[in-house]
Amino acid sequence: MTKPMLQDKLGRPLQDLRISVTDRCNFRCTYCMPKEIFGKDFAFMPKDHLLSFEEIERLARIFVDLGVKKIRLTGGEPLLRRNLPELIQKLVMIDGLEDIGLTTNGVLLGKMAEKLKTAGLTRVNVSLDALDDELFQSINDSGISSKRVLESIEQAQAAGLEVKVNMVVKKGMNDQEVIPMAKYFKEKGITLRYIEFMDVGQSNGWDYSKVVTKKQLFEQLNEDFQLEPVDPAYLGEVAKRYRYKGTNSEVGFITSVSESFCSSCTRARVAADGKFYTCLFASGGFDLKEVIRSGATDEELKDTIIPTWKERGDRYSDERTEETAKNRKKIEMSYIGG
């Protein structure tokens, strides 16, 4: 018999799980982990606060048993977590899990690509906000060149990994790079996805006036390219997808601000310390690590996850106002994962 689908208050199934494996990052992007807050003295999680690979694997199996089909590993920068391919090897063995992805800034991707592929990873999303090297370095504030990330992308492709590129677009920061990025990745046959600047966390200085909307991005692209819509590949797909006419190259838009997709959100999140969140814009989470380390059985863990999801009524992006965006306490992106 088919198990009944676990749904929240709004009828949204639990299908996707994002697992943060570390809160550390080797970038200090101004819209995510600005140096004035995440400086040299910032206290990141000590090792014993992080979920172990065995604990992550156990939680992943339980979530898959509850309906999760796809897992994405995030951070922080997930490739900073030592021996990450070992975790991927564990996850790919879970019966019923259909897909594992990884989101990375790409700095360490090149040298790890072969190991990641051998472990069973099939695809990665690389965050890259500009091709222009001086601009890119000013955004990541870490002295890392765009050339290094582009080389890593080539190495990942050579290893057999599918690559997509994510670009956060912020007015006055990098909106002049929209067309150059499109041209570059169109020629490479790599899907580029533009992400509207979101009000995640408390420290990124979000203001609606700095958002470049999907409509504005589409109009800008339409001056140089002919785009045709592509149907969603699955329920809950976040990106609104288009194809460059006459090619197989795609471009997508993540429209959390201008065209909310709360109504079809099927994603849960587990932070690096085991907190379980039902929304990217959450103010608090449920501590699964405490339950695990108290000696709970799998059934007892399910008995904490199931009611948390069933009571989920999150629809922050539907309800966002300038006031709530500025005054609501939210978890930092570097902690909860993208």
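Above: the structure in question.
Just so it is clear, the structure is predicted and the values come from calculations on it, not from any experiment.

Rules used throughout
Position labels on residues start from 1 in each chain and follow its written sequence. Selection of residues for local features in this predicted model requires a pLDDT of at least 70, selection of side-chain atom pairs for listing and counting requires 80 or more, and totals for whole chains, interfaces and linings are taken over all residues. Processing note: side-chain calculations cover all non-hydrogen atoms of the structure and skip hydrogens and water entirely. Lines fitted to C-alpha atoms define the axes, with helix axes restricted to the stretch in contact, and inter-axis angles between N-to-C directions lie between 0 and 180 degrees. Only DSSP runs of H or I with at least four residues qualify as helices, and only runs of E with at least two residues qualify as strands; both kinds are numbered from the N terminus onward. Here a crossing is taken to be left-handed if its near helix is turned anticlockwise relative to the far helix by less than a right angle, and right-handed if that turn runs clockwise. Note on definitions: a residue-residue contact is assigned when non-hydrogen atoms from the two residues lie within 4.5 Å. Any residue under 20% of the maximum accessible area for its type is buried, any over 50% is exposed, and the rest in between are partly exposed; the area is computed with a 1.4 Å probe on protein chains only. The arc in question is traced by the directions running from the helix axis to the C-beta atoms.

**Student:** Before we move on, could you go through the packing of helix 1 (residues 53–65) against helix 9 (residues 298–310) and cite the residues and values that matter?
**Tutor:** Relative to each other, helix 1 and helix 9 sit at 65°, their axes nearing to 10 Å. Note on packing geometry: the crossing formed by helix 1 with helix 9 is right-handed. On helix 9, the residues touching Arg 58, Leu 59, Ile 62, Phe 63 and Asp 65 of helix 1 are Asp 298, Leu 301, Lys 302 and Ile 305.

**Student:** Give a description of unusual backbone geometry that names residues and reports values.
**Tutor:** If a residue is not glycine, its phi is most likely negative; likewise, a peptide bond is most likely trans. Backbone torsion omega between Gly 75 and Gly 76 reads 15°, so that peptide bond is classified as cis. Position of Gly 76 relative to the elements: it lies in the loop between strand 2 (70–74) and helix 2 (84–92). Backbone geometry at Asn 83 places phi at a positive 60°, although glycine is not the residue there. The topology assignment puts Asn 83 in the loop between strand 2 and helix 2. Here Asp 141, not a glycine, exhibits a phi torsion of approximately 50°, which is positive. In this fold, Asp 141 is placed in the loop between helix 4 (133–140) and helix 5 (146–158). Residue Asp 141 is classed as partly exposed on the basis of its relative accessible area of 29%.

**Student:** Talk me through helix 3 (residues 109–119); I want residue IDs and the actual numbers.
**Tutor:** Among all positions of helix 3, only Leu 109, Gly 110, Met 112, Ala 113, Leu 116 and Ala 119 are buried. The arc enclosing the buried residues of helix 3, seen along the axis, measures out at 135°, which places them on a common side. Exposed residues on helix 3 whose side chains face more than 90 degrees from its buried face are Lys 111, Glu 114, Lys 115 and Thr 118. Considering only its buried residues, helix 3 is in contact with helix 2, strand 3 (99–104), strand 4 (123–127) and helix 5. One or two positions beyond helix 3, positive phi appears at Gly 120, with a value near 120°.

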